[in-house]
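# Descriptive analysis of the structure
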Amino acid sequence: MKETRLLLSFLITTSTLTFLSSCSDDKEVKETYNLEEKDDAFGKANDVFTAEEWYPGGELGTTTKRSYSAPAPAVDQLADGQERFKHGEDFFEHLYTLNTEPRKGLGPAWVRSSCIHCHPGYGHGKRQEQYRANEIGNGYLLVIYHNQDGPIGTDGKPAYTKNSYISEVTGMPQTQAMAPFTPPIDENQIQIEWKKVETMPSGLSMTFADGESYELIYPEVTIPQTAFNTNPKPENYEVRLESTIGIYGTGLLDAITDEDMEAQWRNESPFVELNPAMWDKANNKFAASAYYSAAYNDLGKHRGDHGPVKRFTYAMTRGSLQDGAGANAIWNITNVTRSDRHFLYTTPAWAKAQSEDPNVIKYIKENGASEQSLLHPYYADGSDAQIAARVNELLGVNSIAKKETFDKHLFKDGKEEMSDLDYYDFMIWHRGLAVPAARNLDDPQVQQGKQLFAQIGCTRCHRPSWKTGNDEYWVDASIKAYCKEKGIDPQKSLPRFAKQTIWPYTDMVQHRLFMKNDIRTGWCRTTPLWGRGLSLRLTGAEDRLHDCRARNEVEAIMWHGYSQDSDAYKTVEAFSKLSKAERDAIVKFLRAI
């Protein structure tokens, strides 16, 4: 299969810009303040903003480029940091293929063939009218889960629990597969219908007192059972959409200490209900399940007797950036294997269905005999029965417990699909992505917006600032192996953000908004607001919230007041009573930070 490349010059232009080595020199700032008019007030304190607030990622994590793709100054503290950052960036920006190095993998089933499909311009995904994996900008992941507990088994327990993901497809469901396999879900049968809210159950009017109105829309997603190419097919399920968020600045969030996060949760616990999966209300501390571990790695002992606190993804499922959303996605979105993961991202139900498909068996029988064929591992002795058995065995190699089978049949040329070096550079890029500098903080309307944002209570959840700790990050086995080979200290191998005052505008806590067709479980981490004002310019869209239902800031705010049960209802009620000039000031503030 010939390698295909996307010509995304408009998306990568910003990555070639000259990097600023110091953010503290006014003269240098003016020379590189490249996408806005030069601003003499940049970097200076005023009556409302401190000088620090122009640098949301601190001096080591902020770029003055109007870009989501620029390296942070911390990258320059590494030997060959810029070179490695650009090498790692290549794995994010370009297509993966079935058999062409260095971006080899993409099989037997995958979610997307590149990272940038989901992160247009490195930012938030765009609202879609239909689900198509190959549509650039479609950052949607299908969230398919049980809407109720399953039937009680002989052990007295339900077959599955309410809100759990269905087991027939992967947690990030795949709609693409290499021939002759059929994808776990036929995306042509996925329907997305956008519906309009007619009235707010909370009682808030959809027209402000000054006559300005707003609209709220939400997606209703359906996938018929016939779309699942699995055996068995799932039952009793619902579907939601979750979009990607921006990936810049995630290294800075990784540098917030577990202790500071726990203090924030403790401070909020008397005032709001917190997710019991994260917070032990009786003992006023994190629950045991709030700490991250992974069976294939040694995360479980990173903090003494437990792993780091979960902090990444809407559902707070990942506790370290080095095993977080991006580190996981480069493996499971493309199904590319590496030294710490000798297993596939598949399910037994899909493997069984493929092994029972006569067209699959016939195709492998006709095309798998040659050792050069990608299908040869599935060929066995060439008989129908043995091909079927091998297909079921190999497509079901989906855990570290089946590593020996993977090594015997799927790891035959002695080379990882993603080498330790390539993954190391990918994580230098991932951890080293800078937050763009704030803009227009000297504007009186922006200053008014900041004051109103705090006065009506937005900062109770969108906490403005944090100070990072020593940034003693966890290191995965793959990077450890590379560092050992090269004699590099793993704790000095990635960009670090120690002792930085940062301005992400998130409390790193999950809250509930009780929206129509809400996110699975209803618990959603407060999304950082830094840099979002550049979204339209850098990605071509400014859709907000977890499924892109909000098309602008006002819609996003008003969704927070859809129900009186929302943690943010009182704040939105106050927002709804502001004048248009005051609402506009808050919006302008949000676009400035």
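Structural notes, computed from the coordinates. (Residues numbered from 1 in each chain as written. Predicted model: local features only at pLDDT ≥ 70, side-chain atom pairs only at ≥ 80, totals over all residues. Heavy atoms only, no water.)

### Quick look at the environment of Asn147
Using the following cut-off: Strands here are runs of E lasting at least two residues and helices are runs of H or I lasting at least four, both read from the DSSP assignment and numbered beginning at the N terminus. We call two residues contacting when some pair of their heavy atoms lies within 4.5 Å.
On the secondary structure map, Asn147 appears in the loop between strand 3 (140–146) and strand 4 (176–177). Expressed as a C-alpha distance, the spacing of Asn147 and Glu238, which sit 91 residues apart in the sequence, is 6.0 Å. In this structure, Asn147 is in contact with Lys162, Asn236, Tyr237 and Glu238, ignoring residues within four places of it in sequence.

### Here we look at helix 6 (residues 258–268)
Each α-helix turn comprises 3.6 residues. Residues three or four places apart therefore point the same way. Test applied: Buried, partly exposed and exposed residues are distinguished by accessible area as a fraction of the type maximum, computed with a 1.4 Å probe on protein chains only: under 20%, between the cut-offs, and over 50%, respectively. By arc we mean the arc of the directions from the helix axis to the C-beta atoms, nothing more.
All of the buried residues along helix 6 are Asp258, Met261, Glu262, Gln264, Trp265 and Glu268. Down the axis of helix 6, the buried set is contained in an arc of 155 degrees. They therefore lie on one face. Looking at the buried positions of helix 6, the neighbouring elements they touch are strand 8 (279–280), strand 9 (285–286), strand 11 (466–467) and strand 13 (510–511).

### Overview of the packing of helix 4 (residues 81–93) against helix 12 (residues 420–431)
Basically, it comes down to this: In this analysis an axis means a line fitted to C-alpha atoms, helices contributing only their contacting stretch, and an angle means the value between N-to-C directions, from 0 to 180 degrees. Convention used here: angles under 35 degrees read as roughly parallel, angles over 145 as roughly antiparallel, angles from 65 to 115 as roughly perpendicular, and any remaining angle as oblique. Three residue categories are used. Nonpolar comprises Ala, Val, Leu, Ile, Met, Phe, Trp, Tyr, Cys and Pro, charged comprises Asp, Glu, Lys and Arg, and polar comprises the others, including Gly.
Interaxial distance between helix 4 and helix 12 falls to 7 Å at its minimum, and their mutual angle equals 100 degrees. Classed by the angle they form, the pair helix 4 and helix 12 counts as roughly perpendicular. Contact residues: Gly81, Arg84, Phe85, His87, Gly88, Glu89, Phe91 and Phe92 in helix 4; Leu421, Asp422, Tyr424, Asp425, Phe426, Ile428 and Trp429 in helix 12. In the contact of helix 4 with helix 12, the residues fall into 8 nonpolar, 3 polar and 4 charged.

### Overview of the side chain of Glu555
With respect to the helices and strands, Glu555 occurs in helix 16 (residues 553–559). Taking relative accessible area as the criterion, Glu555 reaches 6% and is therefore assigned buried. When sequence neighbours within four positions are dropped, the list of residues in contact with Glu555 reads Glu215, Leu216, Arg549 and Ala550.

### Thoughts on the pattern of salt bridges
Test applied: Salt bridge, as used here: a side-chain nitrogen of Lys or Arg that lies within 4 Å of a carboxyl oxygen of Asp or Glu.
Within the structure shown, the criterion is met by 32 salt bridges. Between Arg583 and Glu212 there is a salt bridge whose closest N-O contact spans 2.8 Å. Linking Arg583 in helix 18 (residues 580–592) with Glu212 in the loop between strand 5 (191–196) and strand 6 (217–222), this pair joins segments that are 371 residues apart in sequence. For Glu238, the salt bridge identified is with Arg240, shortest N-O distance 3.4 Å.

### Thoughts on the packing of helix 9 (residues 358–367) against helix 10 (residues 384–395)
With their axes 10 Å apart at the nearest point, helix 9 and helix 10 run at an angle of 105 degrees to one another. Between helix 9 and helix 10, the angle is such that the two are roughly perpendicular. Contacts from Ile361, Ile364 and Lys365 of helix 9 reach helix 10 at Asp384, Ile387, Ala388 and Val391.

### Overview of unusual backbone geometry
Omega for the peptide link from Gly107 to Pro108 comes to 5 degrees, which places this bond in the cis form. Examined against the element boundaries, Pro108 turns out to sit in the loop between helix 4 and strand 2 (109–110). Look at the link from Asn231 to Pro232: it is a cis peptide, with omega at 5 degrees. The residue Pro232 is located in the loop between strand 6 and strand 7 (237–243) in this model. Phi at Asp471 takes a positive value of approximately 55 degrees, unusual for a residue other than glycine. Among the structural elements, Asp471 can be located in the loop between strand 11 and helix 14 (477–486). For Cys548, which is not glycine, the phi torsion reads 65 degrees and is therefore positive. Relative to the helices and strands, Cys548 is located in the loop between helix 15 (535–539) and helix 16.

### A few points about the pairing of strand 7
Going by this rule: Whether two strands pair comes down to DSSP finding at least two bridges between them.
Where burial is concerned, most of strand 7 is hidden: 6 out of the 7 residues are buried. Two strands pair when backbone bridges link them, and strand 3 and strand 7 are joined in this way by 7 bridges, in the antiparallel orientation. Each bridged residue has a counterpart across the sheet, and for Tyr140 the counterpart in strand 7 is Ser243.

### Description of the packing of aromatic side chains
Put simply, the rule reads: Here a pair means two rings of Phe, Tyr or Trp (six-membered ring of Trp) with centres within 6.5 Å. Their orientation is stacked below 30 degrees between planes, edge-to-face above 60, and tilted elsewhere. By the criterion adopted, a ring carries a charge over it if an Arg CZ or a Lys NZ lies within 6 Å of its centre and within 35 degrees of its normal.
One pass over the structure, following the stated rule, counts 27 aromatic pairs. With 6.2 Å between their ring centres and 80 degrees between their planes, Phe286 and Tyr291 make a pair best called edge-to-face. The same class applies to Phe286 as to Tyr291, namely buried. Each member of the aromatic cluster is reached from another via a ring pair, and the members are Phe92, Tyr122, Tyr423, Phe426 and Trp429. The aromatic ring of Tyr165 is capped on one face by Arg520, whose charged end is 4.1 Å from the ring centroid. Just above the ring of Trp559 sits the side chain of Arg549; from NZ or CZ to the centre is 4.5 Å.

### What to know about the state of the cysteines
This is how the line gets drawn: We call a pair of cysteine sulfur atoms a disulfide whenever their separation is within 2.5 Å.
If you walk through the whole model with that rule in mind, you get 0 disulfides. Free cysteine: Cys118, not disulfide-bonded; nearest cysteine sulfur from Cys115 at 8.1 Å. Cys118 sits in the buried class, given a relative accessible area of 6%. Of all cysteine sulfurs in the structure, the one in Cys458 sits closest to Cys461, which takes part in no disulfide; the separation is 9.0 Å. For Cys461, a relative accessible area of 17% corresponds to the buried category.

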